[in-house]
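Next come the chains, spelled out residue by residue.
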Amino acid sequence: MIKRKERANAVLTELARLNPQPQTELNFETPWQLLVAVVLSAQSTDKQVNKVTTLLFAKYPTPESMASLTPDELAEEIRNVGLFRTKSKHLVATANALVNEYNGNVPQSLAQLESLPGVGRKTANVVLSTAFDIPALAVDTHVFRVANRLGLAKAKTPEETERQLVKAIPKKLWSKAHHWLILHGRYTCTARKPKCPACPVNSYCLHYHTK
Ligand code: SF4
């Protein structure tokens with residue numbers, strides 16, 4: 001059977017051919033705004049988050065400005081995304097942590113990012129790779145599903161999937177691989193009805209050839 005590294009290489013080569021410069025679909029101008037957008041994106045679509053952040057960032061573009069809000073005030077601004085009450089508490093606390101501990105800057109280490117309220121490993125990895133160009137492979141629900149269906153990983157958790165993916169994929173491609181697999185999961189390898197016959201990487205897919 002084809003080895004995981006070879007399968008990853010074949011899949012990513014094809015996804016790269018179709019979309020050489022994959023980008024996040026979240027709108028942001030600064031690392032802080034990306035961090036906010038990624039926190040807001042849990043249980044919401046990127047489209048919905050972009051609608052909310054267009055107004056939010058116009059009024060509160062920086063950690064300092066967001067730290068001036070109470071969680072209830074921020075909740076009013078983000079009430080059109082899922083889990084807005086929890087997210088508003090986390091974002092106000094994170095804004096205050098940045099102002100008080102990091103001089104208003106987003107830290108650039110995984111451990112420091114993960115210590116911020118509401119910031120998990122996936123969010124931290126997205127910020128490292130997308131805002132700072134530091135190699136990291138964030139595993140969200142799409143990456144988890146797609147990687148395991150394709151046979152790029154065989155894991156029960158996102159963390160284990162990440163560990164296997166970073167072994168199978170060259171470091172220089174981690175950030176792009178994250179975007180390729182997300183976009184593939186969003187538009188082709190969807191959770192309920194993956195579009196397997198039209199999938200450009202179906203010839204390499206373990207799930208497709210074993211079902
Ligand atoms: S063949 Fe189907 S299951 Fe496999 S990656 Fe493509 S869409 Fe997903």
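Above this text is the structure in question.
Please read these numbers as outputs of a predicted model, since none were measured by experiment.

1. Comments concerning the overall build of the protein chain
No. 1: Tallying secondary structure elements over the protein chain gives 12 helices and zero strands in all.
No. 2: Relative to the 2.2 N^0.38 estimate, which gives 17 Å for 211 residues, the radius of gyration of the protein chain is 18 Å and therefore close to what a compact globule would have.
No. 3: Residues classed as buried in the protein chain amount to 48% of the 211 residues present.
No. 4: Once local pairs closer than 6 in sequence are excluded, the contacts in the protein chain between residues at least 24 apart make up 59%.
No. 5: Within the structure as shown, the protein chain displays about 11,000 Å² of accessible surface, and the carbon and sulfur contribution to it stands at 53%.
No. 6: Taking the 28 positively charged and 17 negatively charged side chains of the protein chain as two groups, their mean positions are separated by 12 Å.

2. Regarding helix 10 (residues 158–168)
No. 1: Buried within helix 10 are the following residues: Thr 161, Glu 162, Gln 164, Leu 165 and Ala 168.
No. 2: Check the buried side of helix 10 and you find it contacts helix 1 (4–18), helix 8 (121–132), helix 9 (141–150) and helix 11 (174–187).

3. A word on the environment of Ile 134
No. 1: By secondary structure assignment, the location of Ile 134 is in the loop between helix 8 and helix 9.
No. 2: The class for Ile 134 is partly exposed, based on a relative accessible area of 28%.
No. 3: For Ile 134, the residues in contact, after removing those within four places along its chain, are Gln 108, Leu 128 and Ser 129.

4. Here's the deal with the site of the ligand
No. 1: Every residue lining the ligand is accounted for by Arg 149, Leu 150, His 184, Cys 189, Pro 194, Cys 196, Cys 199, Asn 202, Cys 205, His 207 and Tyr 208.
No. 2: Those elements that provide at least two residues to the shell around the ligand are helix 9 and helix 12 (206–210).
No. 3: Of the residues assigned to the shell around the ligand, the class counts are seven nonpolar, three polar and one charged.

5. Looking at the packing of helix 9 against helix 10
No. 1: Helix 10 packs onto helix 9 with a crossing angle of 60° between their chain directions and a minimal axis gap of 10 Å. The orientation of helix 9 with respect to helix 10, classified from their angle, is oblique. The chirality of how helix 9 crosses helix 10 is left-handed. For the pair formed by helix 9 and helix 10, the contact residues are Val 143, Phe 144, Ala 147 and Asn 148 on the first element and Pro 158, Thr 161 and Leu 165 on the second.
No. 2: Of the residues belonging to the contact of helix 9 with helix 10, the class tally is five nonpolar, two polar and no charged.

Cut-off values and rules
Residues numbered from 1 in each chain as written. Predicted model: local features only at pLDDT ≥ 70, side-chain atom pairs only at ≥ 80, totals over all residues. Heavy atoms only, no water. Helix = DSSP H or I, 4+ residues; strand = E, 2+ residues; numbered from the N terminus. Rg over C-alpha atoms; globule rule 2.2 N^0.38 Å. Buried < 20%, exposed > 50% of the residue type's maximum accessible area, 1.4 Å probe, protein only. Contact = heavy atoms within 4.5 Å. Areas by Shrake-Rupley, 256 points an atom, 1.4 Å probe, with all protein chains shown as cover. Lys, Arg positive; Asp, Glu negative; His and termini not counted. Charge placed at Lys NZ, Arg CZ, Asp CG, Glu CD. Near = heavy atom within 4 Å. Nonpolar A, V, L, I, M, F, W, Y, C, P; charged D, E, K, R; others polar. Axes fitted to C-alpha atoms, helices over the stretch in contact; angles between N-to-C directions. Parallel < 35°, antiparallel > 145°, perpendicular 65-115°, else oblique. Left-handed = near helix turned anticlockwise from the far one by under 90°.

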